[in-house]
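Examining the three-dimensional arrangement
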Amino acid sequence: MRIKVGVIFGGETVEHEVSVISAIQAMNKIDEEKYEVIPIYITKDREWYTGDMLKDIDVYQDLNLIKKYSDNVILYYKDGSYVLQKKKGLFKSIVKEIDIAFPIVHGTNVEDGVLQGYLQTIGIPFVGPNVYGAVAGQDKAIMKDIWAEAGLPMTKYVWFYDVDYRKDSDSVIKKIEKLKYPVIVKPATTGSSVGIAVCEDQASLKEGIDDAIQYDSKIVVEEVVENLKEVNIAVMGNYENQKVSEIEEVLSASKFLTYADKYIGGGKGKLKGGFKTPIKGTASSKGMASANRKLPADLDDKTREEVERIATEAFKILGSSGNSRIDFLIDEKTNKVYINEINSIPGSLAFYLWDAKDINFTQVLDDMINIGIKDYKKRVSKTHSFETNILKGFAANGGVKGMKGMKGKLR
Ligand SMILES: Nc1ncnc2c1ncn2[C@@H]1O[C@H](COP(=O)(O)OP(=O)(O)O)[C@@H](O)[C@H]1O
Ligand SMILES: [Mg+2]
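Read on for a plain summary of the structure. On a predicted model such as this, the values are computed, not experimentally measured, just so you know. (Residues numbered from 1 in each chain as written. Chains lettered and ligands numbered in written order. Predicted model: local features only at pLDDT ≥ 70, side-chain atom pairs only at ≥ 80, totals over all residues. Heavy atoms only, no water.)

Structural notes on helix α3 (residues 114-122)
One full turn of an α-helix is made of 3.6 residues, so residues set three or four places apart face in the same direction. To be explicit about the condition: Note on exposure labels: buried denotes an accessible area under 20% of the residue type's maximum, exposed denotes more than 50%, and partly exposed covers the range between, all computed with a 1.4 Å probe on protein chains only. Secondary structure counts use DSSP, requiring at least four H or I residues in a row for a helix and at least two E residues in a row for a strand, with both numbered from the N terminus. Any two residues whose heavy atoms approach within 4.5 Å at even a single point are treated as in contact.
Considered for burial, the residues of α3 that qualify are L115, Q116, G117, L119 and I122. Tucked inside the fold, the buried residues of α3 contact β1 (3-10), β3 (48-50), β4 (71-78), β5 (81-86), β7 (100-103) and α4 (131-138). G123 lies just past α3 and shows a positive phi near 95 degrees.

If you want it as structure tokens, here you go:
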């Protein structure tokens, strides 16, 4: 019997469309002999749909078509199975059972732990990082603090809350100005270069912060890496085992800037400073397969090994799982390597980085599903022993005051 894989994509995120493309690419490459693919599309207004038509890119031109011809469902646990059940209709029939969920989603509300939390709550096995790994992979402040503690090389940074800036901007600015200008301001969780600005002095810093706090309550400011060379690498595995892909160099291309400009609203004054590629948009950050790149990147052996080692460590420390892309900034003059960020579920699942190592997309997907199954087995074994003991001990001691009424129910 084939394993039933529910590929979940879309969602309420600015990277909705990128996710649709990534998921359709993947659904077409999953080994159909081993797996039955069940598309699960989340619309921007959070409705879930399933149906074979959702494997076809053309249907996304017209949402009404999807609403009319595919099934509006919920995914939940019922009688020992994970089911997609129709929300409407007299009998609210079950459309499909799912063995494992495969989120191919990007950005806030889906890649950042929110969807993973739901999947973990209903208990379904799923591919990719669990809720903790996903959160740490989306929030740049959490990500950086974890990596800094582990001694991974990063540009100097600080982060702060909008409320503290509003209350006492002087002391926040003072804290930031321990860094060297130019600095780069980033909302902690948005991604896609939204709200990102390069600032060369205090005036533009204040402007950058005012802009960034429109998007997030947590803001990261870091020193800009000059003579910039950006390289990306994918890591596959979980906290037990990791392997690395080929390394790509993302080349500066005006189309990134245009995309960023679109999101940032004209890029007002944010691209100055003579940096080679000051800000790149989703196309770079999410690794669109068509982006301009040098693959493999032109690196000496020592730098290559450094990137591989840091990427592996960073993936493991964050508790990621599946197939993530980790992005680096290199100062070409000093040859210093800085880790920039992780993309827990990268665009196109970074398949081209594996392809360059002769691991084809079908194999990547197969590996990812197998890692998801392993993660599930680990999770289930841990959870069971833990919860049972606590509840037994609690009930045997008569519970706590005020909860006596619960006693019988806990046995
Ligand atoms: N410290 C830095 N120095 C120079 N350029 C940077 C720095 N941080 C980010 N950038 C540029 O901005 C882009 C977007 O920043 P990133 O941290 O990757 O955010 P996002 O999550 O929006 O992709 C990067 O791809 C890089 O081109
Ligand atoms: Mg990025």
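Re the site of ligand 1
Under the convention used in this document: Throughout this document, a residue counts as near a molecule or strand when at least one of its heavy atoms sits within 4 Å of that molecule or strand. For the purposes of these results, a polar contact is taken to be a pair of N or O atoms within 3.5 Å, where, inside protein, one atom must be able to donate a hydrogen and its partner to accept one; residues adjacent in sequence count only when each atom of the pair is a side-chain atom. Method for areas: the Shrake-Rupley scheme with a 1.4 Å probe, in which residue coverage is limited to the protein chains shown. Polar here means any residue other than Ala, Val, Leu, Ile, Met, Phe, Trp, Tyr, Cys and Pro, which are nonpolar, and Asp, Glu, Lys and Arg, which are charged; Gly is therefore polar.
Lining the immediate environment of ligand 1, one finds 20 residues, of which K140, K186, S193, E222 and E230 sit closest. Within the side chain of E230, one N or O atom sits 2.7 Å away from an oxygen atom of ligand 1. Coverage of ligand 1 by the protein chains reaches 97% of its 540 Å² of free accessible surface. For the shell around ligand 1, the secondary-structure elements that each account for two or more residues are β9 (183-187), β11 (218-223), β12 (228-237) and β16 (336-343). Among the residues forming the shell around ligand 1, the class breakdown is 7 nonpolar, 6 polar and 7 charged.

Some points on the sheet that holds β11
So the rule is basically this: In short, DSSP must find at least two bridges between two strands for them to pair. Here the axes come from fitting lines to C-alpha atoms, over the contacting stretch only for helices, and the angles between their N-to-C directions go from 0 to 180 degrees.
The strand order across the open sheet built from 4 strands is β8-β11-β9-β10, with neighbouring strands paired in antiparallel fashion. Whereas interior strands pair on both sides, the edge strands pair on one side only; in this sheet they are β8 (157-161) and β10 (197-199). If you compare each strand with its neighbour and ignore which way they point, the axes differ by 25 degrees on average. Relative to β11, β8 runs antiparallel, the two sharing 5 bridges. Across the sheet, the residue bridging to V158 is V221, located in β11. Across the face of the sheet, helix α5 (residues 140-149) comes into contact with β8, β9 and β11 while running at roughly 50 degrees to β11. Packed onto the sheet, helix α8 (residues 202-212) meets β8, β9, β10 and β11 and runs at close to 10 degrees relative to β9.

Notes on the sheet that holds strand β15 (residues 322-331)
If you walk across this open sheet you meet the 5 strands as β14-β13-β12-β15-β16, and the pairing is antiparallel. In this open sheet, the two strands that pair with only one neighbour each are β14 (293-294) and β16. As judged from the 7 bridges shared by β12 and strand β13 (residues 242-250), these two strands associate in the antiparallel manner. What sits directly across from N232, in β13, is E248.

Without other data, these values stay purely geometric and don't point to any function.
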